[in-house]
Amino acid sequence: MQHCDTLIAPRWCAPVDDNDTVLEGHAVVVNDGRIIELLPRADANEKYQPSVVVEKPDHLLIPGFVNVHTHAAMTLLRGLADDLPLEPWLREGIWPAEKRWVSAEMVRDGTELAIAEMIAGGTTCFSDQYFFPEIVAETAVDLHMRAMIGTPVIEFPTAWANDTAEYLSKASDLVHDPYADHPLISTCFAPHSTYALSEDSFIELRVLADQLDARVQIHLHESANEVADVLARTGDRPFETLRRVGLVNSSLLAVHAVHLDDNEIAAFADAGVSIAHCPRSNMKLASGIAPVARYIDAGIPVAIGTDGAASNNVMDMLSEMRTTALLAKAVADDAAAIPASKALRMATLDGAAALGLAHETGSITAGKWADLACVDLSPLHSQPVYDPVSQLVYTARAEQVTDVWIAGKQQLENRRLTQIDTQNLRTRSNEWRDRIASSTGTRND
């Protein structure tokens, strides 16, 4: 018999493959952090001698969720500026708070809070776009979380950088070296938006991205006001600015992309641009509802993100996945627009592909990292189970996630975070609440 580290035996397994397969009575074999084999349980018992056996008789095993757009540290601003449209939310609520409070310490604590929430909800990989990205990366490594670290680029001073040249320099340093071959961390450039950066700066960024073969993610066509303002200021819609400077290609992740015209949809598809769809944030900020089914029909790769907790207000990929499926049906007037299996794929393998990581994660495939989540389908509101993937998408809640592995390491065991002191984290979060509330007059004990 062959030795392996872990044998996971759920009732059902949805590997996320081209056939939308759902297997019953199978086991996943994990060794040295990677998936070795997915095979019938009886065959696994004969072939492997595991150090640990995890029995999950009422559970569905899936690839861990890939959250393709977050601002993780903004968990500490959760609920601070609710019920405002996007522009007032930014200018009156979020940007003043960030100017006063963003620091390496704040980013560390906020990112840890976000990672704890994401792991508890079945997320094993997130793409971040925030200040002090080196701290985000360090925190992810310390907590054994997979992450794509986006380095911010804007044109006004913050606690992290003073001007565009410094943003680009720091971003290039992070993208170029420290995590080039790291098993958990990838990097990319993350300019905020076309209204936060000049065309000359975009040209500099594009040259660096080409030199370093780096991906780029950017907020794009998030609201109708954004499109109108950029058009009035430059004479072009935001997408045209990116196309003119040479950033429209298959390495671009367009975040939100709510307001695209017919020509832009066709151009996205032709160039292989991916979209990070954040439906709950878009709804909460009244930014609009992206016609996701239409994008997919046109050939645009679409994945799912939560956005930051200041605009969502949770980092729950299960609820985001359900919202994605339901909104798409309503907008397309088609109940089959995004079926449950497609929603699961968008939240896993399509997310990995949008980040350039599909060769390493996003499906339960031999050779990939063992990034896995187990979901309990025994609660009454998920019974009876005719189709476990449908029950996952349309009935499951974050608290039904019981076990999570990242690169083979169990990070959630029977709903308990194995590496994070939740009480200490709660204390630190409340300390930040007191500090921030005292400066805004919003204290609520």
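In what follows, the structure referred to is the one given above.
For clarity, every value in this text was computed on a predicted model and none was experimentally measured.

### Some details on the nonpolar core
Now for step 1: Formed by 117 residues in total, the largest nonpolar core has its most connected members in F268 and M321.
Now for step 2: With eight residues, helix α3 (residues 104-120) is the single largest residue contributor to this core.
Now for step 3: Ignoring anything within four residues of it in the chain, the contact list for M321 reads F65, I304, A343, L344, A347, L392 and V393.
Now for step 4: Grouped together as the second largest cluster of nonpolar side chains are 14 residues, V66, C188, A276 and A303 included.

### Digging into the pairing of strand β3 (residues 26-31)
Now for step 1: With six of six residues buried, β3 lies mostly within the body of the structure.
Now for step 2: Side chains H26, V28 and V30 of β3 all project onto a buried face; the interleaved residues A27, V29 and N31 project onto the opposite face, where all are buried too.
Now for step 3: Here strand β1 (residues 2-13) pairs with β3 via three bridges, running antiparallel. By the bridge assignment for β3, I8 is matched with V28.
Now for step 4: Where β3 hands over to strand β4 (residues 34-40), the hairpin turn is made up of two residues, of which D32 adopts a positive phi near 50°.

### Comments concerning the pattern of salt bridges
Now for step 1: Counted under the stated rule, the structure contains 27 salt bridges.
Now for step 2: Between D109 and R428 there is a salt bridge; the shortest N-O distance is 2.8 Å. In this pair, D109 is assigned in helix α3 and R428 in helix α16 (residues 422-440), connecting sequence segments 319 residues apart.
Now for step 3: Classification of D109 by relative accessible area gives buried; the value is 10%.
Now for step 4: Measuring nitrogen to oxygen at the nearest pair gives 3.0 Å for the salt bridge that ties R243 to E240. Placement of the pair is R243 and E240 together in helix α8 (residues 238-244), with a separation of three residues, close to one helical turn.
Now for step 5: Under the relative-accessibility criterion, E240 is labelled partly exposed at 27%.
Now for step 6: Three or more residues joined by partner-sharing salt bridges are found here, namely D18, K342, R345 and D350.

### So, the packing of helix α13 (residues 340-347) against helix α15 (residues 388-395)
Now for step 1: Where α13 meets α15, the axes come as close as 9 Å, and the angle between the chain directions of the two elements is 70°. Considered as vectors, α13 and α15 are oriented roughly perpendicular to each other. Two packed elements cross with a definite hand, and for α13 against α15 that hand is left-handed. Residues A340, S341, A343 and L344 of α13 form the contact with α15, whose own contacting residues are V389, S390, L392, V393 and Y394.
Now for step 2: Looking at side-chain class alone, the contact of α13 with α15 contains seven nonpolar, two polar and no charged residues.

### Here's the deal with the environment of V255
Now for step 1: Inspection of the secondary structure assignment puts V255 in strand β11 (residues 252-256).
Now for step 2: As a C-alpha pair, V255 and A214 span 41 residues in sequence and 17 Å in three-dimensional space.
Now for step 3: Those residues in contact with V255 that lie beyond four places of it in its chain are H69, I218, H219, L220, A276 and C278.

### With respect to the sheet that holds strand β9 (residues 185-191)
Now for step 1: One open sheet accounts for eight strands, arranged β6-β7-β8-β9-β10-β11-β12-β13; its pairing is parallel. Among the strands making up the open sheet, the edge pair consists of β6 (65-70) and β13 (302-304). For this sheet, the mean inter-axis angle between neighbouring strands, taken without regard to orientation, is 25°.
Now for step 2: The pairing of β9 with strand β10 (residues 215-220) spans two bridges and is classified as parallel. The residue bridging C188 from the neighbouring strand is R215, located in β10.
Now for step 3: Against the sheet, helix α5 (residues 164-176) makes contact with β8 (146-153) and β9, and its axis sits at roughly 160° relative to β8, the strand it touches most.
Now for step 4: Together, β6 and β13 form the strand contacts of α13, whose direction differs from that of β13 by roughly 80°.

### Some remarks on the packing of aromatic side chains
Now for step 1: By the definition in use, this model includes five aromatic pairs.
Now for step 2: A ring pair is formed by Y130 and F131, whose centres lie 5.1 Å apart and whose planes are at 55°; its orientation type is tilted.
Now for step 3: Using a relative accessible area of 4% as the deciding quantity, one classes Y130 as buried.
Now for step 4: On the accessibility criterion, F131 (11% relative accessible area) is buried.
Now for step 5: One Lys or Arg, R100, reaches over the ring of W101 and ends 4.0 Å from the middle of that ring.
Now for step 6: In this structure, R435 is placed above the aromatic ring of W432, and the distance from its NZ or CZ to the ring centre is 4.0 Å.

### Section: the pairing of β1
Now for step 1: Across 10 bridges, the pairing between β1 and strand β5 (residues 48-63) is parallel. Looking at the pairing, C13 lines up with L61 of β5.
Now for step 2: In the sheet, β1 pairs with strand β2 (residues 23-24) via two bridges, with the strands oriented antiparallel. The partner of C13 across the bridge, within β2, is L23.

Criteria and cut-off values
Residues numbered from 1 in each chain as written. Predicted model: local features only at pLDDT ≥ 70, side-chain atom pairs only at ≥ 80, totals over all residues. Heavy atoms only, no water. Core = buried A, V, L, I, M, F, W, Y, C linked by side-chain atoms within 4.5 Å. Buried < 20%, exposed > 50% of the residue type's maximum accessible area, 1.4 Å probe, protein only. Helix = DSSP H or I, 4+ residues; strand = E, 2+ residues; numbered from the N terminus. Contact = heavy atoms within 4.5 Å. Pairing = 2+ DSSP bridges. Salt bridge = Lys/Arg side-chain N within 4 Å of Asp/Glu carboxyl O. Axes fitted to C-alpha atoms, helices over the stretch in contact; angles between N-to-C directions. Parallel < 35°, antiparallel > 145°, perpendicular 65-115°, else oblique. Left-handed = near helix turned anticlockwise from the far one by under 90°. Nonpolar A, V, L, I, M, F, W, Y, C, P; charged D, E, K, R; others polar. Phe/Tyr/Trp six-rings, centres within 6.5 Å; stacked < 30°, edge-to-face > 60°. Lys NZ or Arg CZ within 6 Å of the ring centre and 35° of its normal.

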